[in-house]
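In case you want the letters, here they are:
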Amino acid sequence: MSPLWDLQKTYADRVKAMLHDRLGRAPRACVRTFGCQQNEADSQRIEGMLSQMGYSFTGNPEEADLIIFNTCAVRENAEDRVFGNVGELKRQKEKNPELIIGLCGCMVQQPHITKRIQKSFPYVDLVFGTHALASLPELLFQKLQSRRRVFDIHESDGEIVEGLPVRRVDGVKAWVPIMYGCNNFCTYCIVPYVRGRERSREPEAILEEIKQLTANGVKEITLLGQNVNSYGKNLERPLSFAGLLEQIDALPGDFRIRFMTSHPKDCTRELIDAIARCQKVCRHIHLPVQSGSSRVLSAMNRHYTREQYVDLIRYAREKIPGVSFTSDILVGFPGETYEEFLETLSLVQEIEYDSLFTFIYSKREGTRAAQMEDPVPYAEKSAWLRQIIAAQEDIASRRHEALVGETLRVLVEGAGKHPGTVQGRSDQNIIVEFPGEESLFGSFANVKIERAANWAVFGTREE
Ligand code: SAH
Ligand code: SF4
Ligand code: F3S
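Rules used throughout
Residues numbered from 1 in each chain as written. Chains lettered and ligands numbered in written order. Predicted model: local features only at pLDDT ≥ 70, side-chain atom pairs only at ≥ 80, totals over all residues. Heavy atoms only, no water. Buried < 20%, exposed > 50% of the residue type's maximum accessible area, 1.4 Å probe, protein only. Helix = DSSP H or I, 4+ residues; strand = E, 2+ residues; numbered from the N terminus. Pairing = 2+ DSSP bridges. Domains from an automatic or database assignment. UniProt positions renumbered as here; feature names shortened; annotations may be inferred. Contact = heavy atoms within 4.5 Å. 1 Å grid on protein atoms, 1.4 Å probe; cavity = no way out; pocket = protein on both sides within 12 Å on 5 of 7 lines; lining within 4 Å. Points joined across faces, edges and corners; volume = space filled by probe spheres on them. Nonpolar A, V, L, I, M, F, W, Y, C, P; charged D, E, K, R; others polar. Axes fitted to C-alpha atoms, helices over the stretch in contact; angles between N-to-C directions. Left-handed = near helix turned anticlockwise from the far one by under 90°. Near = heavy atom within 4 Å. Polar contact = N/O pair within 3.5 Å; in protein donor to acceptor, adjacent residues only side chain to side chain.

Asker: Quick rundown of the pairing of strand 17 (residues 431–435)? Include the residues and the values.
Answerer: With four of five residues buried, strand 17 lies mostly within the body of the structure. Where strand 16 (residues 421–425) meets strand 17, five bridges bridge the pair, whose relative direction is antiparallel. Within strand 17, the residue paired with Gly424 across the bridge is Val432. In textbook terms, the turn of a hairpin is the stretch between consecutive antiparallel strands, and for strand 16 and strand 17 this stretch comprises five residues, one of which, Asn429, has a positive phi near 75°. As paired strands, strand 17 and strand 19 (residues 457–462) are joined by two bridges and run parallel to one another. The partner of Val432 across the bridge, within strand 19, is Val457.

Right, here's the structure in full:
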């Protein structure tokens, strides 16, 4: 356990007592998360700390004594959504002046955003950046005691605080962060500025957390990091990501291991070989390519060419039969031409991903790409995006068709879209729906595939 959390626990106890005196009942919190799985995992820690302070949870902000938005800065529309939602809280604060409104996460780690909140959103009480997460009990204590607004947006390369309580609602799947931050500085991306430099958790802490989760019945562990392939480089006793995977794979129990995100520049053949050897690691690699043009990739500072990427995929498909690839695509990077966009389209057609996350470039203040000429109009970029999406829908339908007749092992996650069905994912991360009951939730089932659509495949359970 970290000494920082020991100190914070004493603040948590004080907050609990203060709130009990003021409200005469258990306080209620509403935590909303914007952004990626890292933020989801952070929110589980925020809720864990709030539980320690006596809070119960509600999805309805109208019922809450404390509202926290954990924000994302990756694209402008993510930020606009947060500001829109914060704007809506003004009336609620007028009705209930005791309501505490907090903003945290990547977006508020940016100085220009903090200034805007200071000036234009006076009813926001508490603002804390990504590096201040573990100090939440102390910050809330300050707020309750002084009644003044509290801001903590310090810069840091971040100590890792182990031992924070985590509130997990899902008993079947769990996120486990293995590293924080990013050193890559892709020229379009804000993440390294708001999350600081790469730092890895000690393998012992990760293994212990996974042991506990699987002992409590969790069936799928997703290891998280902005670039999991550079895990362990800065540990006192360096360990590669491949080495970590093998250690997790050797733990007892019937569970699956997933991970994200892999950066292609650090995805080594050693790692592919390790995935092929591991029994529990899913045959699915999310390997964001961003662009199919080597010129654009270089301008993005991605450190691989189209040819290197294609070679890597070829190697993985040889070593791991049936491996599935998914990717992120960014269209309309500053200076990207139509011909360069077509190279991305042809790469998507050549690789045949199972699914894609597609984005239009969004200018982020402070990044290198924000200084670059960006002459292509947004409407044209949108048309490019639509072409990629249409091509991908065809590819996904075809790939799903090819699964008809196969039997897939599915981890059942919940009710399906159609009445009387359940749904889950295969180890290649493909959505599978089949007739079944609630008693199957959280268990593995073998499903014979009979029919396919572009978003899922359908079948019947085999005994
Ligand atoms: N660390 C991961 C990506 C994290 S951000 C990786 O390197 O693969 C998730 C995705 O958001 C990125 O892969 C990229 O496609 C997209 N993205 C990042 N910055 C963006 C920007 N400025 N505009 C649009 N999309 C962006
Ligand atoms: Fe952003 Fe690149 Fe880091 Fe991913 S690897 S978080 S895209 S800077
Ligand atoms: Fe967004 Fe921060 Fe994740 S910027 S994508 S929430 S790391």
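Having put the structure on the table, let's press on.
Asker: I'd like to hear about the domain arrangement of the chain, residue by residue, with values.
Answerer: Many authors give the size of an interface as the accessible area that is lost as the parts come together. When the domains of the chain are assigned, the result is domain 1 (3–152), domain 2 (170–282), domain 3 (285–402) and domain 4 (407–461). Look at where the C-alpha atoms of domain 1 and domain 4 centre, and you get two points 37 Å apart.

Asker: I'd like a rundown of the UniProt feature "binding site: [4Fe-4S] cluster 2" (unreviewed entry) in the chain, residues and numbers included.
Answerer: Look at the UniProt record and you will see "binding site: [4Fe-4S] cluster 2" (unreviewed entry) annotated at Cys182, Cys186 and Cys189. Relative to the helices and strands, Cys186 is located in the loop between strand 8 (179–180) and helix 7 (191–195). Among the residues examined, Cys186 registers a relative accessible area of 9% and is labelled buried. Aside from chain neighbours lying at most four places away, what touches Cys186 is His263, Met300, Asn301 and Arg302. Mapped onto the elements of the fold, Cys189 is located in the loop between strand 8 and helix 7. With a relative accessible area of 15%, Cys189 lands in the buried category.

Asker: Give me the side chain of Glu47: which residues, what numbers.
Answerer: Relative to the assigned elements, Glu47 resides in helix 2 (residues 37–52). Classification of Glu47 by relative accessible area gives buried; the value is 14%. When sequence neighbours within four positions are dropped, the list of residues in contact with Glu47 reads Val31, Phe57 and Arg167.

Asker: Please give an account of empty space enclosed by the protein that cites residues and values.
Answerer: Across all of its chains, the model carries one cavity of 30 Å³ or more by this definition. Within this model, the largest cavity holds a volume of roughly 40 Å³. Around the largest cavity sit Asn39, Asp42, Asn70, Cys104, Gly105, Gly129, Thr130, Leu133 and Arg195, which together line it. Per-class residue counts for the lining of the largest cavity are two nonpolar, five polar and two charged.

Asker: Describe the packing of helix 1 (residues 3–23) against helix 6 (residues 136–146), with residues and values.
Answerer: In a pair of packed helices, the angle between the axes and the distance between the axes together describe the arrangement. Contact pair helix 1 / helix 6: the axes reach a minimum separation of 8 Å and the direction vectors enclose 35°. The crossing of helix 1 and helix 6 is left-handed. Taken together, the residues of helix 6 that come into contact with helix 1 (itself represented by Trp5, Gln8, Tyr11, Ala12, Arg14, Val15, Met18, Leu19 and Arg22) are Leu136, Pro137, Glu138, Leu140, Phe141, Leu144 and Gln145. Among the residues making up the contact of helix 1 with helix 6, the classes are represented as 11 nonpolar, two polar and three charged.

Asker: Tell me about the pairing of strand 15 (residues 407–415), and name the residues and values.
Answerer: The side chains of a regular strand alternate, residue by residue, between the two faces of the sheet. Looking at chain direction, strand 15 and strand 18 (residues 444–452) are connected through five bridges and run antiparallel. Of the residues in strand 18, the one forming a bridge with Thr407 is Lys448. With antiparallel pairing between neighbouring strands as the criterion, strand 15 and strand 16 make up a hairpin whose turn holds five residues, including Gly420 at a positive phi of roughly 80°.

Asker: Before we move on, could you go through the site of ligand 1 and cite the residues and values that matter?
Answerer: Contacts to ligand 1 come from 15 residues, most closely from Arg75, Gln226, Gln290, Asp328 and Ser362. In this structure, Arg302 approaches ligand 1 through a side-chain N or O atom, which is 3.3 Å from an oxygen atom. Contributing elements (two or more residues each) for the shell around ligand 1: strand 13 (324–331) and strand 14 (355–360). Here the shell around ligand 1 is composed, by residue class, of seven nonpolar, four polar and four charged.

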